[in-house]
There are 2 protein chains.
Amino acid sequence: MRKKVAISMGDPLGIGPEVVAQALADGRVRAAVEPLVFGDAAALRSAAALYRVAAPQVRQVQGGALAFVNAALDAVLAGEASALCTAPLSKERVARSEDPRFVGHTEHLAVRCGTRVAMMMAGPRLRVVLASNHLALAEVPRAISSEQIAFVTQLAASELRARWGIEKPRIAVCGLNPHAGEGGIFGDEEARIVAPAIAEARAAGVDASGPHAADGLFPRAMKGAYDAVVALYHDQGLIPAKLLDFRETVNVTLGLPFPRTSPDHGTADDIAGQGKADPEPMISALLLAARLAQR
Amino acid sequence: MRKKVAISMGDPLGIGPEVVAQALADGRVRAAVEPLVFGDAAALRSAAALYRVAAPQVRQVQGGALAFVNAALDAVLAGEASALCTAPLSKERVARSEDPRFVGHTEHLAVRCGTRVAMMMAGPRLRVVLASNHLALAEVPRAISSEQIAFVTQLAASELRARWGIEKPRIAVCGLNPHAGEGGIFGDEEARIVAPAIAEARAAGVDASGPHAADGLFPRAMKGAYDAVVALYHDQGLIPAKLLDFRETVNVTLGLPFPRTSPDHGTADDIAGQGKADPEPMISALLLAARLAQR
């Protein structure tokens, strides 16, 4: 059965309308998704014409990209759709013209839903959850805490169980330092911060392991030894996620009362309007939204 | 023409003798390498018997794994061989029983040859050079310097030219922070430390670019956009290198007066003597040593 997915069209100046129009014409998406698109009908008609696909039906929304997100979110919260998929917007343009406090979809949805969230990058071979995100590397050692690592580890396990249908998810947690500190020779954060978090998650019934040396861990995770990896900082998680399956890796927000997905690319203003936008990441995001909504 | 490669057998308690014996029986290695093996003949005979391959000829050396390395190095320095390939040893055992100052092959070879070196991980799709290595993550932001980054960038370019035969090597340098700091929002090391190093390398005639956001850079480098990537810290470089081509990625020391390679695994004491050692990484290391020696 097709699942109702609310879709925000993204920034009209970027490739959002183009990837939405193309993705909704894709056979795999048509079979899995009943779309409720929020945005600007004229922008979507132009985008559809550019790729010679049918223009999708749109619920016309006044305002910019953030207004489209809010309207799509309202539809999900009202029960009109069971998942949310967001096309890319420009943080800078939203902050400038719609909401000066805006720093990104993930944070905005957390505030609007009143929940604590985490970001997962989900690809065919690897799922990575971040314990910290857009921070200078120098801030990471003092920003990570046992409490936060335990939270994301438990959140990953509970969502993999509830939404992915994995009965006993195996979660591997990275160390912070090379070789996970090699017994304390290169840093003590593994013993002081990471190990207690893993113990806490295990005490709560999660099959969590680590801290693992990150460079050795990802090849094992890729081969299926774990259902998700908790990375302690942005590049530790994003480098392997993007390297393995660039076009099929989907950004998933964990911790919301519904599944939310998005393609992991930006508005790509430089190629907008040229007929060059690759819809595959948006297709992956829509298919995953439908799959997660099914449970 | 086969190239003379001096080979140290590695720690007799680990899988070194097993991977050496197997690798030297491999047809690809026999075609490319004229081996001069330094170590213990009895250990190599046992290892060869375990895998039912011919026992290699050995120059018997008194002492332990470090003595084998020193004898192999002496042979290269005396002109008896044109490259060095080292099987794994245990840093802890060498430090305990042979030389308390020993911290690893790379550092030992640098001291004995009186040169400044850098470590490269070279695989079929990606070459990564490290600007820092076994340091706690918290130390990295203050340990990296423009001078060191410029040094490794220029060293990578000069060795790729001289030994790999790449006329104008394209070297990409990673940023330290997520999104390479996104214009200074997450850290200023890109502007303060990395960009001046790239400018210095470019002034010296190197086709260096960056600082690049590391998560977006590695997929492009994998597809051939660059000949090598300079990573600023251990996991930034080792995560992608190991994820892509685990068994074929070879540790290469740059900056020595001869090519030195080694497989990127340890002594694996837990499987030693069981007939389970995978020779493929040692085979890759020997083939690369021969290839680099040919120029």
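Residues numbered from 1 in each chain as written. Chains lettered and ligands numbered in written order. Predicted model: local features only at pLDDT ≥ 70, side-chain atom pairs only at ≥ 80, totals over all residues. Heavy atoms only, no water.

## Focus: the interface of chain A and chain B
- Tallying the contact residues gives 33 residues for chain A and 33 residues for chain B.
- Approximately 2800 Å² of surface area, both sides summed, lies buried where chain A meets chain B, with 70% of it carried by carbon and sulfur atoms.
- Sorting the residues of chain A by area buried against chain B places L137, D215 and L243 of chain A first, and these three jointly supply 26% of that buried surface.
- In this assembly, chain A and chain B are joined by two salt bridges.
- Of the charged contacts in the structure, one is a salt bridge between D215 of chain A and K242 of chain B, with a shortest N-O distance of 3.1 Å.
- The tally of links from chain A across to chain B stands at eight residue pairs in polar contact (both at pLDDT 80 or more).
- Element by element, the count of residues in the side of chain A that touches chain B is highest for helix α11 (residues 234-244) of chain A, at nine residues. (Contact = heavy atoms within 4.5 Å. Buried area = accessible area lost by both parts, 1.4 Å probe. Salt bridge = Lys/Arg side-chain N within 4 Å of Asp/Glu carboxyl O. Polar contact = N/O pair within 3.5 Å; in protein donor to acceptor, adjacent residues only side chain to side chain. Helix = DSSP H or I, 4+ residues; strand = E, 2+ residues; numbered from the N terminus.)

## Thoughts on the confidence of the model for chain A
- With 99% of its residues at a pLDDT of 70 or more, chain A shows a mean pLDDT of 96.
- Reported confidences for the modelled complex are a pTM of 0.94 and an ipTM of 0.92. (pLDDT = per-residue confidence, 0-100.)

## So, the nonpolar core
- One finds W164, L232 and L286 of chain A together with W164, L232 and L286 of chain B to be the most contacted residues of the largest nonpolar core, which totals 179 residues.
- For L232 of chain B, the contacting residues outside a window of four places in its chain are A131, S132, V140, I144, I149, V173, C174, G175, L176 and V194 of chain B. (Core = buried A, V, L, I, M, F, W, Y, C linked by side-chain atoms within 4.5 Å. Buried < 20%, exposed > 50% of the residue type's maximum accessible area, 1.4 Å probe, protein only.)

## With respect to the sheet that holds strand β2 (residues 33-39) of chain B
Residues and elements named next belong to chain B.
- The sheet built from eleven strands is open, its strands ordered β3-β2-β1-β4-β11-β10-β5-β6-β9-β7-β8 with mixed pairing. In this open sheet, the two strands that pair with only one neighbour each are β3 (58-60) and β8 (207-212). The average undirected angle you get between the axes of adjacent strands in this sheet is 25°.
- Where strand β7 (residues 170-174) lies against strand β9 (residues 228-231), three bridges are found, and the strand directions are parallel. Bridge pairing in β9 places I171 opposite A228.
- The strands touched by helix α6 (residues 105-113) within the sheet are β4 (83-86), β10 (250-254) and β11 (260-263), with β11 carrying the most contacts at an inclination of about 165°. (Pairing = 2+ DSSP bridges. Axes fitted to C-alpha atoms, helices over the stretch in contact; angles between N-to-C directions.)

## Focus on the relation of the copies chain A and chain B
- Turning chain A through 180° and shifting it by 0.0 Å along the axis lays it on chain B, with an RMSD of 0.0 Å. Such values leave the two copies arranged in the relation of a two-fold axis.
- In this assembly, 100% of the residues forming the interface of chain A have copies in chain B that are likewise at the interface, indicating an isologous arrangement. (Least-squares fit on C-alpha atoms with pLDDT ≥ 70 in both.)

## Overview of the sheet that holds strand β1 (residues 3-8) of chain A
All names here are of chain A.
- Pairing in this open sheet of eleven strands is mixed, and the strands run β3-β2-β1-β4-β11-β10-β5-β6-β9-β7-β8 from one edge to the other. Each end of this open sheet is capped by a strand with a single partner; those strands are β3 (58-60) and β8 (207-212). Pairwise comparison of adjacent strand axes, ignoring direction, gives a mean angle of 25° for this sheet.
- Here six bridges tie β1 to strand β2 (residues 33-39), and the two strands are oriented parallel to one another. For I7, the partnering residue across the bridge sits in β2 and is V37.
- Strands β4 (83-86), β10 (250-254) and β11 (260-263) of the sheet are contacted by helix α6 (residues 105-113), whose axis makes an angle of about 165° with β11.

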